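If you want the building blocks of each chain, they are given just below.
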Amino acid sequence: MSIPANLKYTKDHEWVSIEGDVATVGITHFAQKELGDIVYVEVETLDQTLSKDEVFGTVEAVKTVSDLFLPLTGEIIAFNDDLESAPETVNSDPYGAGWMIKIKIADASEIDSLLSDEAYKNLIGA
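Not measured: the values here are computed from a predicted model. (Residues numbered from 1 in each chain as written. Predicted model: local features only at pLDDT ≥ 70, side-chain atom pairs only at ≥ 80, totals over all residues. Heavy atoms only, no water.)

(A) Looking closely at the UniProt feature "modified residue: N6-lipoyllysine" (unreviewed entry) in the protein. The UniProt record annotates "modified residue: N6-lipoyllysine" (unreviewed entry) at Lys 63. Along the chain, Lys 63 turns up in the loop between strand E6 (55-61) and strand E7 (65-69). (UniProt positions renumbered as here; feature names shortened; annotations may be inferred. Helix = DSSP H or I, 4+ residues; strand = E, 2+ residues; numbered from the N terminus.)

Okay, here's the thing in structure tokens:
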């Protein structure tokens, strides 16, 4: 199972890539595999500022709907519009083209609360 070492992770199975004060967020390979075939990604929080652990959207798979939790406090500045017409990209490329949102980070100290790749591997038993 792919768990890139250059990313940070949450206990809710989101991954985070940080470049300066912007974080790109998606769900992990483990999460998309557990959900199954993803048919819809909904994010109605674009341009809103949310706190860490608030729900920023949902991902719908064939058998379930799951909330998406914000890994860091900040303003949601971008949504991956490609997911509207091709939500299955989250299954095929969760760490690349399947990214979901970009956040302008409000509190950089929260980054320290994210999991390393090793800590995430321990969480999922990989």
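(B) Representation of the side chain of Glu 110. Considering the arrangement of structural elements, one finds Glu 110 in the loop between strand E9 (101-105) and helix H4 (117-124). Put simply, Glu 110 is tucked away with no salt bridge, and the nearest opposite charge, on Lys 52, sits 6.3 Å away. For Glu 110, the contacting residues outside a window of four places in its chain are Lys 52, Leu 72 and Thr 73. (Buried < 20%, exposed > 50% of the residue type's maximum accessible area, 1.4 Å probe, protein only. Lys, Arg positive; Asp, Glu negative; His and termini not counted. Salt bridge = Lys/Arg side-chain N within 4 Å of Asp/Glu carboxyl O. Contact = heavy atoms within 4.5 Å.)

(C) Geometry of the UniProt feature "domain: Lipoyl-binding" (unreviewed entry) in the protein. Per the UniProt entry, the sites bearing "domain: Lipoyl-binding" (unreviewed entry) are residues 22-104 in this numbering. Along residues 22-104, the helical share is 18% and the strand share 42%, with 5 Å between the first and last C-alpha atoms.

(D) Focus on the sheet that holds E6. Taken in spatial order, the three strands make up an open sheet running E4-E6-E7, and their pairing is antiparallel. Unpaired on one side and paired on the other, strand E4 (38-42) and E7 mark the two borders of the sheet. Taking each pair of neighbouring strands and ignoring which way they run, the sheet shows an average axis angle of 25°. Bridging between E4 and E6 involves four bridges; their strand directions are antiparallel. Paired with Ile 38 across the bridge in E6 is Ala 61. (Pairing = 2+ DSSP bridges. Axes fitted to C-alpha atoms, helices over the stretch in contact; angles between N-to-C directions.)

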